[in-house]
Amino acid sequence: MGVKRALITGIRGQDGAYLAKFLLEKGYEVIGGDRRSSDGDYWRLKALGIDKEVKIVYLDLLELTNIMRVIDKYKPDEVYNLAAQSFVQASFEQPLLTSEVNALGVLRILEALRVFMPEVRFYQASTSELFGKVQAIPQDENTPFYPRSPYGVSKLFAFWITKNYREAYGMFAVNGILFNHESPLRGLEFVTRKITYGLARIKYGLQDKIILGNLEAKRDWGYAPEYVEAMWLMLQADTPEDYVVATGETHSVREFVEIAAEVCGFQLVWKGKGTEERGIDQKTGKTIIEISSEFYRPAEVDILLGNPRKIYEKLGWKPRTSFRELVQIMMEADLKLVSSQVRAHRTL
Ligand code: NAP
Ligand code: GDD
C-alpha cells in the first residue's frame, strides 16, 4: 500500500498541530485545512517544526462547495474533523455561528464524503461537553448527554449526525468523546493557558494579576499530544465505534492555579469569598489572582470525570502524563516563552 493521505480540518488549532506531527512521523502525507485569516501565521506548526511539511489548503466549514472541491481533489484516506468554534464561553455570544460551524459544518463534510469518498475513514472531534450537567459520575460511552451551552448543543448534533451516517450509509465515521486536553500550544483564552501564561507574565513583571471566574469547576485534564494518538487509533480499528478519551481523574481550576503558582515560585494564599476572593503571594503581599463575574458562564459544567476503560481495553490507549506533570509542563513552557519575549524586547 502507498503513502496514506490524511486531511485535518482546523490545522491551525492545538490538536491540528499535534495530530499533523504524529501522522507525519507515521509516514502520512498531511493536508491541513485552514479557514484562512488575515495573519496567515502557522505558529503552532512552526513550534513543532512541521510548517513546511504540511500541505495547507483553504477549507472553511461554512462553505460546502469548498469542502467538496478539496475532498474531490485530494481524495484522502482519512479525514479528521477538528475544526470548530471551540470556546464554550464565546458560544453564548455567537450561538448561530457556533452552530453553523460545529453542527452543520460536520454535516457538510459528511455529505461531501458520501458523494465523493464513502469508503473514507472519518473522525469527528466530539467532546465531554456533551455530558454537561452530568447524569452519572464518572461518564462513559453509555452516560446520557445533557449539554449546557450552545457549543455543547452544536456538538450534540455533530455527534448524532456522525453516528447516523455510520448507521444509514455504512460509513466508517466515529466520534472521539475527548475530555479536556491541554498543552503549551493551548489557546490563551482557555483557563489552563490563561493561568500559566498569566503567572509567567506576573513573574517577569509584565502584568500584575490574572482575573478568573469559577475556581470550583472541575475538569478531567489530560495532555494533548497523547490524545491525538487516540484519534488515530480509532480510525485504525476493525470496526467504527465511539470512544471516551480521558484520564479518569478530576481536578478543580483552584488546584490548577495552586500547582502552577507553586511551580512558578509564588507562595499563594487565598483570602475572601465568591467574587471578593483574592489569591495573594505571601512573599510580596501582592494580589495576583482576582475573581470577576465576567468569566462565569450563564450555565456551568460543574464537574467532568471520564472513564476511559473502553479505549484502553479495545485499542490499548491510556494516558501517560499526570495532572501535576501537565501543569508543570505548561508552566515551565510559559516561563521560557515569556523570558524569551522579554529578551527579544530588550534587544529591540
Ligand atoms: P482550537 O485550538 O480552537 O482549534 C480549532 C480550529 O478550528 C482553529 O484552528 C480554527 O481556525 C478552526 N476553525 C474555526 N472555525 C472554522 C471554520 N468555519 N472552518 C474551518 N476551520 C475553522 O481547538 P482544539 O483544542 O485544537 O480542538 C480541536 C477540536 O476538538 C475542536 O473541534 C474542539 O471543539 C474539539 N475538542 C477539544 C477539546 C480540548 O480540550 N482541546 C476537547 C474535546 C473536543 P482559526 O485558527 O483560524 O481560529
Ligand atoms: N476560559 C476560562 N477563563 N474558564 C474559566 C475561567 C476563565 O477566566 N475561570 C474559570 N473558568 C472555568 C470555566 O467556567 C470552566 O468551568 C473551566 O474553567 C474550563 O474552561 P475552559 O478552559 O474554557 O474549557 P471548557 O471546559 O469550557 O472547554 C474546553 O474543553 C471542552 C471539553 O470538555 C474546550 O476545549 C472545548 O472545546 C472542549 O470541548
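Anyway, here's the lowdown on the structure attached to this text.

### A look at the side chain of threonine 250
The residue threonine 250 is located in the loop between β11 (243-245) and β12 (251-252) in this model. A polar contact is formed between the side chain of threonine 250 and the backbone oxygen of arginine 219, at a distance of 3.3 Å. Among the polar contacts listed, one links the side chain of threonine 250 to the backbone oxygen of leucine 304, at a separation of 3.0 Å. In this structure, threonine 250 is in contact with Lys218, Arg219, Asp220, Ile303, Leu304 and Leu305, ignoring residues within four places of it in sequence.

### Describing the site of ligand 1
Inspection of the region around ligand 1 gives 25 residues, with Asp15, Arg35, Ser86, Tyr151 and Lys155 positioned closest. Between ligand 1 and arginine 12 there is a distance of 3.4 Å, counted from an oxygen atom to a side-chain nitrogen or oxygen. At 3.1 Å, a backbone N or O of alanine 84 approaches an oxygen atom of ligand 1. Protein burial of ligand 1: of its 890 Å² of free accessible surface, 90% is covered by the chains. For the shell around ligand 1, the secondary structure elements donating two or more residues are α1 (14-25), β5 (121-127) and α6 (150-169). Here the element with the most residues in the shell around ligand 1 is β5; it accounts for three residues.

### Examining the environment of tyrosine 165
With respect to the helices and strands, the residue tyrosine 165 is situated in helix α6. We classify tyrosine 165 as buried; its relative accessible area is 5%. A C-alpha to C-alpha distance of 15 Å links tyrosine 165 and tyrosine 80, two positions 85 residues apart in sequence. Excluding anything up to four places from it in sequence, tyrosine 165 contacts Leu107, Leu110, Glu111, Arg114, Gly170 and Met171.

### Brief notes about α6
With 20 residues, α6 extends 28 Å from end C-alpha to end C-alpha; this agrees with the ideal 28 Å at 1.5 Å per step. Of all the positions in α6, only Tyr151, Gly152, Ser154, Lys155, Ala158, Phe159, Ile161, Thr162, Tyr165 and Arg166 are classed as buried. The elements touched by buried residues of α6 are α4 (88-93), α5 (95-116), β5 and β6 (172-178).

### Topic: the sheet that holds β5
In any sheet, the strands associate via hydrogen bonds between backbone groups, in a parallel or an antiparallel arrangement. Taken in spatial order, the seven strands line up as β3-β2-β1-β4-β5-β6-β11 in an open sheet, and their pairing is parallel. The open sheet is flanked by β3 (55-58) and β11, the only strands paired with a single partner. Each strand axis lies, on average, 25 degrees off the axis of its neighbour in the sheet, ignoring direction. Looking at chain direction, strand β1 (residues 5-9) and strand β2 (residues 29-34) are connected through five bridges and run parallel. By the bridge assignment, leucine 7 is partnered in β2 with isoleucine 31.

### A look at the pairing of strand β13 (residues 268-271)
Pairing analysis gives four bridges linking β13 to strand β14 (residues 278-281), with the strands arranged antiparallel. Looking at the pairing, valine 269 lines up with isoleucine 280 of β14. In sequence, β13 turns back onto β14 through a hairpin of six residues, with glycine 272 there showing a positive phi of about 90 degrees.

### Concerning the site of ligand 2
Close to ligand 2 lie 24 residues; Ser86, Ser128, Tyr151, Asn180 and Arg297 are nearest. A distance of 3.0 Å separates a nitrogen atom of ligand 2 from a polar backbone atom of glutamate 189. Within the side chain of glutamate 300, one N or O atom sits 2.7 Å away from an oxygen atom of ligand 2. Out of a free accessible area of 710 Å², ligand 2 has 96% covered by protein chains. Elements supplying a minimum of two residues to the shell around ligand 2: α7 (191-203) and β8 (210-212).

### Things to note about the side chain of serine 91
Relative to the elements of secondary structure, serine 91 occurs in helix α4. Under the relative-accessibility criterion, serine 91 is labelled buried at 0%. Leaving out residues up to four positions away in the same chain, serine 91 has contacts with Gln85, Thr98, Ser149, Pro150 and Tyr151.

### Notes on the sheet that holds strand β15 (residues 286-291)
Sheet architecture is open: four strands sit in the order β8-β15-β14-β13, paired in mixed fashion. Pairing within the sheet leaves two strands with one partner each, and these edge strands are β8 and β13. Sheet twist, expressed as the mean angle between neighbouring strand axes with direction ignored, is 25 degrees. Together, β8 and β15 form the strand contacts of α7, whose direction differs from that of β8 by roughly 160 degrees. Where helix α9 (residues 253-264) meets the sheet, its contacts fall on β8, β13 and β15, and the angle it forms with β13 comes to roughly 145 degrees.

Procedures and definitions
Residues numbered from 1 in each chain as written. Chains lettered and ligands numbered in written order. Predicted model: local features only at pLDDT ≥ 70, side-chain atom pairs only at ≥ 80, totals over all residues. Heavy atoms only, no water. Helix = DSSP H or I, 4+ residues; strand = E, 2+ residues; numbered from the N terminus. Polar contact = N/O pair within 3.5 Å; in protein donor to acceptor, adjacent residues only side chain to side chain. Contact = heavy atoms within 4.5 Å. Near = heavy atom within 4 Å. Areas by Shrake-Rupley, 256 points an atom, 1.4 Å probe, with all protein chains shown as cover. Buried < 20%, exposed > 50% of the residue type's maximum accessible area, 1.4 Å probe, protein only. Expected span 1.5 Å × (residues − 1). Pairing = 2+ DSSP bridges. Axes fitted to C-alpha atoms, helices over the stretch in contact; angles between N-to-C directions.

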